[in-house]
Amino acid sequence: MFRVRLGLPKGRHAVYRHLDLVHDALVNALTAAGAASDQVVGHGALPWNFAALGHHRKHEGVVHSLVVSTPSTTLAQVLGRIDPATLRYARAATGELVDFADAELIPEPPPLLTEQAVLGVLTLSPIAISDPSKPGKRWHTRLDACDLSAAVNARLSRLAGRRVTLNIQPDSLYLRANPRHSVLVSTKSDKAGRSAFVIGMEAPLVLAGSREDVLFAWYAGIGEKTRNGFGCIGLAEAGVGR
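Predicted model, so just to flag it, every value in this text is computed and none were measured.

Visitor: An account of the packing of aromatic side chains is needed here, citing residue identities and associated values.
Guide: A complete count under the given rule lists 1 aromatic pair for this structure. Above the face of the W218 ring, R3 is positioned so that its terminal group lies 4.0 Å from the ring centre. Across from the ring centre of F216, 5.8 Å away, lies the NZ or CZ of R162, which sits over that ring.

So, in structure tokens, the structure goes:
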């Protein structure tokens, strides 16, 4: 298990239109650090997740820091060897460039937890939960309209190879004040220039369960499409940070 934060110098940022550009830059850095391509991309890839921290202006994402995390022992060793100079990706078709060559890499310690832990977290990247009751690929738009614990536990159990039994609850006051807490994330564009989107949800959450299960969620991320930049969590008391 390992987690790092890569932050650009103050006043510097990278701009992207589709989140897969950041994903591809990270894949480039991970493979340059020694990961096999099938360990980081594809159906059988090892678990990892990331969050692009910053803000949005119109149809662009502005990112100053990346949080990258994995529960995999194999990828943890690779992640510790990442050279920021390799964390870059250019796409001529759309005129996009993500370059984190000047980023500072800082390992992030795990949260301090008791054996039976309760942890308040923020969604550093939106949580994606598919809705199987609707035809086609549809995404939930309200955290209080889906069984979040069941969905998260099912995926984490598959990744961990054991049963994970977390109780995950969104902050009730936040949901009352922000009933519309979903965001439309542009993930990629096709050859015709059409964008593909995933709907994610953002809110403070409370995770409760064994220390082992909470830590696994901390490093693996929660929800679906975590390797594509969804479901990364951070400590509520620490905020997003710079």
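Visitor: Residue-level account of the packing of helix α4 (residues 148-160) against helix α6 (residues 211-220), with values.
Guide: Here α4 crosses α6 at 90°, and the two axes come no closer than 11 Å. By the criterion of interaxial angle, the relationship of α4 to α6 is roughly perpendicular. Of α6, the residues touching α4 (which contributes R155, L156, L159 and A160) are F216, A217 and A220.

Visitor: Please give an account of the sheet that holds strand β12 (residues 205-210) that cites residues and values.
Guide: With antiparallel pairing, 4 strands are arranged side by side in an open sheet as β9-β12-β8-β13. Looking at strand neighbours, the two that pair on one side only are β9 (167-170) and β13 (233-235), the edges of this open sheet. Shown here is a sheet whose adjacent strand axes are inclined to one another by a mean of 35°, direction ignored. Where strand β8 (residues 116-123) lies against β12, 6 bridges are found, and the strand directions are antiparallel. Each bridged residue has a counterpart across the sheet, and for V121 the counterpart in β12 is L205. Contacts from α4 reach β9 and β12, with the element oriented near 135° to β9.

What counts and what doesn't
Residues numbered from 1 in each chain as written. Predicted model: local features only at pLDDT ≥ 70, side-chain atom pairs only at ≥ 80, totals over all residues. Heavy atoms only, no water. Phe/Tyr/Trp six-rings, centres within 6.5 Å; stacked < 30°, edge-to-face > 60°. Lys NZ or Arg CZ within 6 Å of the ring centre and 35° of its normal. Axes fitted to C-alpha atoms, helices over the stretch in contact; angles between N-to-C directions. Helix = DSSP H or I, 4+ residues; strand = E, 2+ residues; numbered from the N terminus. Parallel < 35°, antiparallel > 145°, perpendicular 65-115°, else oblique. Contact = heavy atoms within 4.5 Å. Pairing = 2+ DSSP bridges.

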